[in-house]
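Chain residues, written in single-letter form:
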Amino acid sequence: MNHFLAISDYSSEEIQSFLDLAVDLKKEYFERGNQPLLTGKVLAMIFQKPSLRTRVSFDMAMRHVGGDALYLSPNEIGLGKREAIGDISRVMSGYVQIMMARVFDHQHVVELAQYASVPVINGLSEYNHPCQGMADALTIQEKFGKAKGLNVAFVGDGNNVAVSLMIVCAKLGWNFTIASPEGYELSPEAFAAARDISEETGVRLAFLRDPHEAVHAADVIYTDTWTSMGQEEETARREKVFPPYQVNAGLVSEANKDVIVMHCLPAHRNHELTDEVADGPHSVIFSQAHNRLHAQKAILVRLLGAG
Ligand code: CP
Ligand code: NVA
């Protein structure tokens, strides 16, 4: 059974092939019209956390290709609380053709996949956000093509979004630098995964403290919230630590002149990203959000064997 739990589970060629399919499906959507590739197929979307982009883009992706989607809210099925994850997974496998889950604990989506007889997609865990990473890569390739050796700089918390970005960069041959404050670095587990890939693809990985050093010669500057879902009780402490890591016009001016600025959204404007930059000429944040639709449609179509 093919699942989509982490970008590291796929080879560089497979990742590029998902992206090429996303480009084709995007062209169909805008130019030739969607094809009914998944007629009669239903995606179950299990959410333990809130969502705008993930929920709507997965739902619309299924509708475009003739399928349907079912939304299960955090309180509805009580993943691991009302019922064991393995039982939920085996029951759902008899009702729907594919599942997507947004969870707190990464092991929960892994367990869902272990027991499922249909594909399972990770719609964000505390460890990673692979669908975001794929939409990000699509957005970067739309701007810069498939050239290797781009410099991608992540400024801020070493969180789930940073993990998937680092892995997709390592897979696709882009150098990845992150600047994070002490205590908020990427996990050693994520670093080890990226290091192994980078040894094969020859990319440079750098883990820094100084955001100015990180954005030097950057083609891409990426940031995300300082406080992720599930960390709300740490907000006050994080708001004190992270201000030097704000992506503002001054920081952007230190990068390459055609740098793009990315954020997975939701953004906390004038905290991690200023209005001036979010709405300025370097920002691609809305293309990035829109590319979730196309990247995920490719994942759905490929996992269901229809493209
Ligand atoms: N970027 C992202 O996953 O957004 P949502 O939390 O709104 O789904
Ligand atoms: N790092 C953020 C991403 C939201 C899409 C979080 O986990 O809340």
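Predicted model only: the values in this text are computed from it and were never measured. (Residues numbered from 1 in each chain as written. Chains lettered and ligands numbered in written order. Predicted model: local features only at pLDDT ≥ 70, side-chain atom pairs only at ≥ 80, totals over all residues. Heavy atoms only, no water.)

Caption draft 1: Focus on the site of ligand 2. Around ligand 2, the neighbouring residues are Leu124, Asn159, Asn160, Val161, Asp224, Thr225, Ser228, Met229 and Leu265. Ser228 places a side-chain nitrogen or oxygen 2.8 Å from a nitrogen atom of ligand 2. Here Met229 contributes a backbone N or O atom positioned 2.8 Å from an oxygen atom of ligand 2. In isolation ligand 2 offers 270 Å² of accessible surface; the protein chains occlude 95% of this area. Put simply, ligand 2 lies in the largest pocket. A class-by-class count of the residues in the shell around ligand 2 yields 4 nonpolar, 4 polar and 1 charged. (Near = heavy atom within 4 Å. Polar contact = N/O pair within 3.5 Å; in protein donor to acceptor, adjacent residues only side chain to side chain. Areas by Shrake-Rupley, 256 points an atom, 1.4 Å probe, with all protein chains shown as cover. 1 Å grid on protein atoms, 1.4 Å probe; cavity = no way out; pocket = protein on both sides within 12 Å on 5 of 7 lines; lining within 4 Å. Sits in = over half its atoms within 2 Å of the grid points. Nonpolar A, V, L, I, M, F, W, Y, C, P; charged D, E, K, R; others polar.)

Caption draft 2: Region of the structure containing the sheet that holds strand β3 (residues 98–102). Overall, parallel pairing links the 4 strands, which are arranged β2-β1-β3-β4 in an open sheet. Looking at which strands have only one partner, the edges of the open sheet turn out to be β2 (68–72) and β4 (120–122). Each neighbouring strand pair of the sheet contributes to a mean axis angle of 20°, computed without reference to strand direction. Both strand β1 (residues 42–47) and β2 contribute to a ladder of 5 bridges, which runs parallel. By the bridge assignment for β2, Leu43 is matched with Ala69. In the packing of helix α2 (residues 53–64) onto the sheet, contacts are made with β1, β2, β3 and β4, and the angle to β1 comes to roughly 175°. Most of the contacts of helix α5 (residues 106–115) go to β4, to which it runs at about 165°, and overall it touches β1, β3 and β4. (Pairing = 2+ DSSP bridges. Helix = DSSP H or I, 4+ residues; strand = E, 2+ residues; numbered from the N terminus. Axes fitted to C-alpha atoms, helices over the stretch in contact; angles between N-to-C directions. Contact = heavy atoms within 4.5 Å.)

Caption draft 3: Spotlight on the confidence of the model for the chain. Considering every residue of the chain, the mean pLDDT works out to 97; 100% of them sit at 70 or more. Here helix α3 (residues 74–77) stands out as the least confident element of the chain, with mean pLDDT 86; strand β8 (residues 220–223) is the most confident, with 99. (pLDDT = per-residue confidence, 0-100.)

Caption draft 4: Highlighting the packing of aromatic side chains. One pass over the full model with this rule turns up 10 aromatic pairs. Ring geometry for Tyr10 versus Phe18: centroids 5.2 Å apart, planes at 85°, classification edge-to-face. Taking the relative accessible area as the measure of exposure, Tyr10 reaches 9% and is therefore buried. A network of ring pairs unites the aromatic residues Tyr184, Trp226, Phe242 and Tyr245 as a single cluster. The aromatic ring of Tyr71 is capped on one face by Arg55, whose charged end is 3.6 Å from the ring centroid. (Phe/Tyr/Trp six-rings, centres within 6.5 Å; stacked < 30°, edge-to-face > 60°. Buried < 20%, exposed > 50% of the residue type's maximum accessible area, 1.4 Å probe, protein only. Lys NZ or Arg CZ within 6 Å of the ring centre and 35° of its normal.)

Caption draft 5: Representation of α2 within the structure. Given a rise of 1.5 Å per residue, 12 residues ought to cover 16 Å, and the 16 Å separating the end C-alpha atoms of α2 matches this to within 8%. Along α2, the positions that sit buried rather than exposed are Arg53, Thr54, Ser57, Phe58, Asp59, Ala61, Met62 and His64. Immediately downstream of α2, the backbone of Gly66 shows phi near 90°, a positive value. (Expected span 1.5 Å × (residues − 1).)

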